[in-house]
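Examining the three-dimensional arrangement
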Amino acid sequence: MFIYADNAATTKMSAAAIAAMRPYIEDCWYNPSSLYSAGQRAKEAVETARAEVARCIGAEPREIIFTSGGSESDNQALLTAAEIGRKAGKRHIVSDAIEHHAVLHTLAKLEKDGFEVTYLPVGTDGVVRAAAVEAAIREDTCLVTVMYANNEIGTVQPIGEIGEICRRRGVLFHTDAVQAVGHVPVDVCADKVDMLSASAHKFRGPKGVGFLYVRRGVKPATLIEGGAQESGRRAGTENVAGIAATAAALKEAAANMAANAAKLTALRDRLIAGLAEIPHSALNGDAKRRLPSNVSFCFEGIEGESLLLMLDDMGICASSGSACTSGSLDPSHVLLAIGRVHDVAHGSLRLTLGEDATEEEVDYMISAVKEVVERLRGFSPVWRDLVSGKSEFIL
Ligand SMILES: *Cc1c(COP(=O)(O)O)cnc(C)c1O
C-alpha cells in the first residue's frame, strides 16, 4: 500500500493541469512580450488564465498578479501594505501567532525596519477571534494579515468578519489563502479582502506558480524589478505553461469543490474518530471549523519524527507539525499557540487527504498509526514515566 497523505505540503498535478501546460511547452513556447502573432498567442493564454483565476475568486482580471507562488505573494502583499503605511506614517500591523513562515518572517523583517506587529493569540481551538482583531486596530495600523486556513491544523478563520471590520476601520486586509483556494469557497468581494495570496501546487497545479489578488485602487509594491510584465507589477518573462495550468487546475477544483468537500469531510471525520481511540491523544484545532482534508493529532509520550519514519516504512506519507525538517528541534509555533506544551507538541502527526482518498486507505492509516504509536510508546522512557505515575499525563 502507498498512501500520500501530505496534501497540505503539495498536491499531485491534475490531468487537466498537465494537459493545459503541454501546448505552451511544445508548440506555443514564445515570449508573450513579443509582437509577432506567435508571441501574442502566448500572451492570450496568460490573459485567458488571468480571467479564469479571477472568476474563481470573485475578482477582476486586472486584480490578479501571477507570481512564483504563495511565498512570493505573501511577501509582495506585506511589502505593499508597508509601503503604503510608511507613506501615511502608519507603522503598526495586526497579525496572529499561527501564520505561515512566509508571513511571519516577512513581518520580522518589517519589525527590524521600524514596524510594530501585534501577534494575536488564538484560542485552544486554533481560531483567531474577530473581536480581538477589532480591539487591536489602532490609529496607526496599516495592515491586518490573517490566514484563511492554517496549513498545520487546518482551522478556517472568520475571514468575512475580519474583512468587514477592516473595511469599516479603513485598514488594508491581506489573507494568506494558500490552503483555502480551490478547497473552500473564497470570494474576495464577499470577504472584503484587499489582498489575497494563493499557490497553484496546493490545488493540483504546478509548483513555482501562484498569484496575488490586489484590489483595484491599491497600488502593489514591486518585489522584482525589470521588464513591464504583469502591468509593471512583477517583472520577468511569464511562466506561460505554469500559468495556463494554474487556471486549469483551479477551474477544475472550483467545479468539483462541493463534491470533494463532502466526500473528504466524511473521510476526515472517520479518520479523526479512529485516531481518537488511541489513549492519551488529542485532535489539534477545532473539530468542525477545519479544512475538509485536514487531520492533525498529538500523541503523548512519542516523538513525531520516529512516527513519520515508521509510517513511511508502512507506505504512508505523512507530516508532523514540528519544524524538525529544518534541522531545528523546536516544536511547531502553531501547536504551541494552541496551548500544547513542548513534549506534547513533539508527538504530532498531520495527515492531509487528497480528493482520491478512499475509506479503505483511511482504515489502513488508522490501524497503522495505532500500531506505530503503541510500538513507539513501548520503548519510550517518557511513556514509562507517565505510566508509572512518575510524571503526569497531559492528554
Ligand atoms: C504552502 C504555503 C505557502 C507557501 O507557498 P509556496 O507556493 O510553496 O511558496 C504559504 N502559506 C501557506 C498557508 C502555505 O500552506
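Read on for a plain summary of the structure. (Residues numbered from 1 in each chain as written. Predicted model: local features only at pLDDT ≥ 70, side-chain atom pairs only at ≥ 80, totals over all residues. Heavy atoms only, no water.)

**Re the environment of E225**
Keep this limit in mind: Only DSSP runs of H or I covering at least 4 residues are called helices, and only runs of E covering at least 2 are called strands; the numbering of each starts at the N terminus. In protein, a polar contact requires one atom able to donate a hydrogen and another able to accept it; more generally it is a pair of N or O atoms within 3.5 Å, and residues adjacent in sequence count only if both atoms are side-chain atoms.
Note on placement: E225 falls in the loop between β8 (210–214) and α8 (229–232). In this structure, the C-alpha to C-alpha distance between E225 and E252, residues 27 residues apart in sequence, is 33 Å. Within the local environment of E225, its side chain forms a polar contact with the side chain of T222, the two groups lying 2.9 Å apart.

**Some remarks on the environment of A54**
Let me state the cut-off plainly: For this analysis, residues touch if any pair of their heavy atoms sits within 4.5 Å.
Along the chain, A54 turns up in helix α3 (residues 37–57). Separated by 133 residues in the primary sequence, A54 and D187 place their C-alpha atoms 9.8 Å from one another. With near-sequence residues (within four places) excluded, A54 lies in contact with A59, E60, P61 and I64.

**Some thoughts on the nonpolar core**
Soluble, globular proteins show a tendency: their nonpolar side chains are buried together. Going by this rule: To form a nonpolar core, buried Ala, Val, Leu, Ile, Met, Phe, Trp, Tyr and Cys residues must be joined to one another through side-chain atoms within 4.5 Å. Relative accessibility decides the category of a residue: with a 1.4 Å probe and only protein chains considered, values under 20% of the type maximum give buried, values over 50% give exposed, and everything between is partly exposed.
Counting 64 residues, the largest nonpolar core has I57, I64, V144, V181, L196 and F211 as the members making the most contacts within it. Residue contributions to this core peak at eight residues, all from α3. Ignoring sequence-local partners within four residues, the contact set of L196 consists of I57, H174, T175, A177, V181, V186, V188, F211, L212 and Y213. In this structure, L283, L307, L311 and L353 belong to the second largest nonpolar core, which totals 32 residues.

**What about the packing of helix α9 (residues 240–275) against helix α13 (residues 359–378)?**
Quick reminder of the rule: Angles here are taken between N-to-C directions and fall from 0 to 180 degrees, while the axes themselves are lines fitted to C-alpha atoms, restricted in helices to the stretch in contact. Just so you know how the angles are binned, under 35 degrees is roughly parallel, over 145 roughly antiparallel, 65 to 115 roughly perpendicular, and the rest oblique. Each crossing is labelled by how the near helix is turned from the far one, with a counterclockwise turn of less than a right angle marking it left-handed and a clockwise turn marking it right-handed. The residue classification treats Ala, Val, Leu, Ile, Met, Phe, Trp, Tyr, Cys and Pro as nonpolar and Asp, Glu, Lys and Arg as charged. All others, Gly included, are polar.
Packing of α9 against α13 leaves a shortest axis separation of 9 Å and a crossing angle of 20 degrees. In terms of their interaxial angle, α9 and α13 are classed as roughly parallel. Between α9 and α13 the crossing geometry is right-handed. Mapping the contact onto sequence places L267, R270, L271, G274 and L275 in α9 and E359, V362, D363, M365, I366, V369 and K370 in α13. The residue makeup of the contact of α9 with α13, split by class, is seven nonpolar, one polar and four charged.

**Quick look at the pattern of salt bridges**
Defined as follows: Should a side-chain nitrogen of Lys or Arg be within 4 Å of a carboxyl oxygen of Asp or Glu, the pair is scored as a salt bridge.
As enumerated under the stated definition, the model contains 26 salt bridges in all. Ionic pairing is found between E47 and K43, a salt bridge with its closest N-O pair at 3.9 Å. A residue pair is termed a helical-turn pair when its members lie 3 or 4 positions apart in one helix, as E47 and K43 do in helix α3 at four residues. Residue K43 is classed as partly exposed on the basis of its relative accessible area of 32%. In this structure, R62 engages E60 in a salt bridge whose closest nitrogen and oxygen atoms are separated by 3.0 Å. Connected via shared salt-bridge partners are K43, E47, R50 and E230.

**A closer look at the site of the ligand**
Basically, it comes down to this: In these notes, residues near a molecule or strand are those with any non-hydrogen atom within 4 Å of it. Each accessible area is a Shrake-Rupley result for a 1.4 Å probe, and residues are judged covered by the shown protein chains and nothing else.
Among the 13 residues in the neighbourhood of the ligand, the closest are listed as S71, D176, Q179, S199 and K202. Within the side chain of D176, a nitrogen or oxygen atom sits 2.7 Å from a nitrogen atom of the ligand. Here the ligand, which alone exposes 390 Å², has 86% of that area covered by the protein. If you tally residues by element for the shell around the ligand, the top one is helix α4 (residues 70–88), at three residues. When its residues are assigned to classes, the shell around the ligand shows two nonpolar, eight polar and three charged.

**Some details on the packing of aromatic side chains**
Describing an aromatic ring pair means giving the distance of the ring centres and the angle of the ring planes. Test applied: Centres within 6.5 Å are what make two rings of Phe, Tyr or Trp a pair, Trp counting through its six-membered ring; a difference in plane orientation under 30 degrees is then read as stacked, over 60 as edge-to-face, and the rest as tilted. A positively charged side chain is recorded as over a ring if its NZ (Lys) or CZ (Arg) lies within 6 Å of the ring centre. The angle to the ring normal must also be within 35 degrees.
For the structure on display, the rule yields three aromatic pairs. One residue, R91, lies across the ring of F115, its end atom 5.2 Å from the ring centre.

**Side note on the side chain of S95**
Structurally, S95 can be placed in strand β3 (residues 92–96). Assessed through its relative accessible area of 0%, S95 is described here as buried. Beyond its immediate sequence surroundings of up to four residues, S95 is in contact with V103, L107, V117, T118, Y119, L120 and T145.

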